[in-house]
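Below are the chains, spelled out letter by letter.
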Amino acid sequence: MSASNAAVTAESLFREVFWPLYPDDARADLGRARSTNANPARNPHLEAHLDDAARVFVAMAPLALGLRAEDLTLDTTDASIHRLSMQLTKEARDRLLAEGQVGTADSALFNFVVHGAAYVGACIVHGHGGRWAVRRPLWESLALLSTPAGDLELPIFHWWLKALADDARATLADRYRTHVEVPRAAPLALPVIAPEDRKLPKLTNVRFDVFCKYLRANLPELKDVGKDFPSQERFDELGFKHLSFMLVGGGRMLVVSGPTPYGLHAYWLTRSGFEKSAFWPCDAVPAPMIRRAEGDKLEVMMSVGGRLRSFELLYWGL
């Protein structure tokens, strides 16, 4: 890319690194290329090219990132996506941008991303029962995934572009977790903590020690909040105004939520303890909240900049 202090965006990466390498027919009508099935006969050889690209990535990625293979362990598991995502720093991006001529097939970043998109897709196809929707060029291919939340078309290449931008709002792992791991989760396989209709009063005097005493008194089945739950210091410094507790999924998960001076925090716990968390910046008034919605959904309600907002999410989290 041009040597300047201009921000690197998903659009600038696409325009300068990838667009010059699109075939003429795709450049003439990109929208059509992105929506047209390039493998209507399900030719296995085309999909095999994507698997080959994923295998190339497994071999090339550690060296490209300055790591040993055993430090990255790209074994097509969900965990490997999280390990990979942690290495996709701006420094690594800029180092790859500097290798090879940008806008040509010699660009290190071009090769890293197009093979990386195939690798993430392979994790979805082989690890979650997905399938490829082949596009031209191949790196634009989508991963199709059936989930309890519906059938999804996952634009993996675009996840990479957004994750590598200076203004990235989510990492590659964040998008993978949101669009693959969470929708494909099997919460019904979790052990029940307690009956879902158990009454759990609001906690108004919120300190970590009081929170632990509350759980022992109201949910003795939950023996531990888990090693990844916020530390006592972190929990107390958040300054919760109150905490609400809700058993969901037939009592298999506990949702703990409450407002702080900064917004709404929520934690999901299973019988093994901490599972995941979420935070939404919002106004203090009216007080934000999470409540049950229809089906397997929760509704998050809040005010942002004086405007009321609400949205739904699956009960097992983001």
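Our subject is the structure listed above.
One structure accompanies this document, and this report is about it. Worth saying up front: this structure is predicted, and the values here are computed from it rather than measured.

## Some remarks on the overall build of the protein chain
Looking only at helices and strands, the protein chain has 12 helices and 10 strands in total. Overall, the C-alpha framework of the protein chain stretches about 65 × 45 × 45 Å when taken along its three principal axes. Counting every position in the protein chain, which comprises 318 residues, the buried fraction comes to 47%. In the protein chain, the proportion of contacts linking residues at least 24 apart, taken out of those at least 6 apart, comes to 55%. For the protein chain, the accessible area works out to roughly 16,100 Å², and carbon and sulfur atoms hold 52% of it.

## Quick word on empty space enclosed by the protein
By the definition in use, this model includes one cavity of 30 Å³ or more. Size it by volume and the largest cavity reaches roughly 30 Å³. Around the largest cavity, the lining residues are Leu65, Leu88, Thr89, Ala92, Arg93, Leu96, Leu109, Phe112 and Leu164. Counting residues per element, the lining of the largest cavity draws most heavily on helix α7 (residues 90–97), at three residues. Taken together, the residues that form the lining of the largest cavity break down as seven nonpolar, one polar and one charged.

## Digging into the packing of helix α6 (residues 78–86) against helix α8 (residues 108–128)
In contact at an axis separation of 10 Å, α6 and α8 are set at 160° when each is read in the N-to-C sense. In terms of their interaxial angle, α6 and α8 are classed as roughly antiparallel. Crossing handedness for the pair α6 and α8: left-handed. Contacts between α6 and α8 involve Asp78, Ser80 and Ile81 on the former and, on the latter, Tyr119, Val120, Cys123 and His128. Its residues assigned to classes, the contact of α6 with α8 shows four nonpolar, two polar and one charged.

## Focus: the packing of helix α4 (residues 44–64) against α8
Closest axis-to-axis distance for the α4/α8 pair is 7 Å, and the angle between their directions is 120°. It follows from the interaxial angle that α4 and α8 lie oblique. Crossing angle aside, the handedness with which α4 passes α8 is left-handed. Seen from α4, the contacting residues are Leu50, Asp51, Ala53, Ala54, Val56, Phe57, Val58, Met60, Ala61 and Ala64; seen from α8, they are Asn111, Phe112, His115, Gly116, Ala118, Tyr119, Ala122 and His126.

## Considering the sheet that holds strand β5 (residues 253–260)
Remark on secondary structure: sheet strands pair via backbone hydrogen bonds, oriented parallel or antiparallel. The strand order β4-β5-β6-β7 describes an open sheet built from four strands, whose pairing is antiparallel. Looking along the sheet, the strands with just one partner apiece sit at the ends: β4 (244–248) and β7 (273–281). The average angle at which neighbouring strand axes cross in this sheet is 20°, direction not considered. The sheet contact formed by β5 and strand β6 (residues 263–270) spans seven bridges and is antiparallel. Its bridge partner lying in β6, Thr260 is registered against Gly263.

Calculation criteria
- Residues numbered from 1 in each chain as written.
- Predicted model: local features only at pLDDT ≥ 70, side-chain atom pairs only at ≥ 80, totals over all residues.
- Heavy atoms only, no water.
- Helix = DSSP H or I, 4+ residues; strand = E, 2+ residues; numbered from the N terminus.
- Buried < 20%, exposed > 50% of the residue type's maximum accessible area, 1.4 Å probe, protein only.
- Contact = heavy atoms within 4.5 Å.
- Areas by Shrake-Rupley, 256 points an atom, 1.4 Å probe, with all protein chains shown as cover.
- 1 Å grid on protein atoms, 1.4 Å probe; cavity = no way out; pocket = protein on both sides within 12 Å on 5 of 7 lines; lining within 4 Å.
- Points joined across faces, edges and corners; volume = space filled by probe spheres on them.
- Nonpolar A, V, L, I, M, F, W, Y, C, P; charged D, E, K, R; others polar.
- Axes fitted to C-alpha atoms, helices over the stretch in contact; angles between N-to-C directions.
- Parallel < 35°, antiparallel > 145°, perpendicular 65-115°, else oblique.
- Left-handed = near helix turned anticlockwise from the far one by under 90°.
- Pairing = 2+ DSSP bridges.

Purely geometric stuff here, so don't read any function into it on its own.
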